[in-house]
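The lines below spell out each chain.
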Amino acid sequence: MIYVRHADERGRADFGWLKSQHSFSFGNYYDPRFMGVSALRVINDDRVAPSAGFDTHGHKDMEIISYVISGTIAHKDSFGHVKTLPAGEFQLMSAGTGIYHSEYNASATEPLHFLQIWIQPSSQGGTPGYQQKAFAQSSALTPVVTPDGRDGTLSIKQDASVYRLELTAAEQTSFKLAKGRNFYAQVVEGELQLAGETLQSGDGIHINELEEFAIKASNKRAVALVFDLP
């Protein structure tokens, strides 16, 4: 099966200070056809006005990944972490038994654009945790999140891996998907040809039956997040 989730078909929310597009049902947006893919529950494409943000709120039993596209996040949580997350960096917060945090646009003048991603853990409970890192692009598909934290990646409590895909104009790579696994990609920048489909910025694609397929950038640089899911 191949299914393309086009950017302009996503759910939308506009609170003035926050403009968000939801790949899957979230908040006041509900569509029973789009409840997530495997353990991947949320991909929100969030744009936050200068000096605005999410007040302190709680999470439990969820692995929450933030990837900053432009701008900087100011993060505080109930375990004493006070961090800034600049463009290009990844944050993984394991909510475990419960954690409270706030997220603000750290700039008084520039907007913030980031992806908020929720992945359901393989088991509930456990001590909450915080991880943050910038990754040099070591290959077309650079691992950033893995179940065992191998090679300096962020460690997630789920049999899932996340890669940052970056291709120069006309560059091509391929992806091998193990039998029974789910593939999801979210395009961040540029245009991709993926398994015969043309994807623009903001598009997502779900694949669960192909064993191997090509991924190619069109006539300019392309960036995407790739998820290998149970």
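Thresholds applied
Residues numbered from 1 in each chain as written. Predicted model: local features only at pLDDT ≥ 70, side-chain atom pairs only at ≥ 80, totals over all residues. Heavy atoms only, no water. Helix = DSSP H or I, 4+ residues; strand = E, 2+ residues; numbered from the N terminus. Buried < 20%, exposed > 50% of the residue type's maximum accessible area, 1.4 Å probe, protein only. Contact = heavy atoms within 4.5 Å. Areas by Shrake-Rupley, 256 points an atom, 1.4 Å probe, with all protein chains shown as cover. Lys, Arg positive; Asp, Glu negative; His and termini not counted. Charge placed at Lys NZ, Arg CZ, Asp CG, Glu CD. UniProt positions renumbered as here; feature names shortened; annotations may be inferred. Pairing = 2+ DSSP bridges. Salt bridge = Lys/Arg side-chain N within 4 Å of Asp/Glu carboxyl O.

A closer look at the overall build of the protein
Point 1. Counting its regular elements, the protein contains zero helices and 22 strands.
Point 2. For the protein, the C-alpha atoms occupy an extent of roughly 45 × 40 × 40 Å along the three principal directions.
Point 3. Scored against the burial criterion, the 230 residues of the protein give a buried share of 51%.
Point 4. Considering only intrachain contacts with a sequence separation of at least 6, the fraction spanning at least 24 residues in the protein is 70%.
Point 5. By element, 49% of the accessible surface of the protein is carried by carbon and sulfur atoms, the whole surface being about 10300 Å².
Point 6. Side chains of the protein carry 20 positive and 26 negative charges; the gap between the two charge centres is 1 Å.

Focus on the UniProt feature "domain: Quercetin 2,3-dioxygenase C-terminal cupin" (unreviewed entry) in the protein
Point 1. The positions that UniProt labels "domain: Quercetin 2,3-dioxygenase C-terminal cupin" (unreviewed entry) are, in the present scheme, residues 144-229.
Point 2. Between the first and last C-alpha atoms of residues 144-229 the distance is 14 Å; the span itself is 0% helix and 57% strand.

What about the pairing of strand S13 (residues 141-146)?
Point 1. Counted residue by residue, S13 has five buried out of six residues, so it is predominantly covered.
Point 2. By the bridge criterion, four bridges tie S13 to strand S15 (residues 161-167) in an arrangement that is antiparallel. Looking at the pairing, Val145 lines up with Val162 of S15.
Point 3. Pairing of S13 with strand S14 (residues 154-155), which is carried by two bridges, proceeds in the parallel orientation. When the sheet's bridge partners are listed, Thr146 is paired in S14 with Ser155.

Side note on the pattern of salt bridges
Point 1. Within this structure, the stated rule accounts for nine salt bridges.
Point 2. One salt bridge in this structure joins Glu166 and Arg221, with 3.0 Å as the shortest N-O distance. Here Glu166, found in strand S15, pairs with Arg221, found in the loop between strand S21 (212-217) and strand S22 (222-229); they are 55 residues apart in sequence, far enough to count as distant.
Point 3. Between Asp228 and Arg181 there is a salt bridge; the shortest N-O distance is 2.9 Å. Taken together, the residues span a long stretch of sequence, with Asp228 in strand S22 and Arg181 in the loop between strand S16 (172-176) and strand S17 (182-189) at a distance of 47 residues.
Point 4. A residue is classified by how much of its surface remains accessible, and Asp228, at 13% relative accessible area, is buried.
Point 5. The network of salt bridges with common partners includes Arg164, Glu166, Glu189 and Arg221.

Here we look at the sheet that holds S22
Point 1. One open sheet accounts for seven strands, arranged S1-S20-S17-S22-S15-S13-S14; its pairing is mixed. A strand with exactly one partner marks an edge of an open sheet, and here the two such strands are strand S1 (2-5) and S14.
Point 2. In this structure, S15 lies alongside S22, joined through seven bridges in antiparallel fashion. Directly across from Leu167, in S22, lies its bridge partner Ala222.

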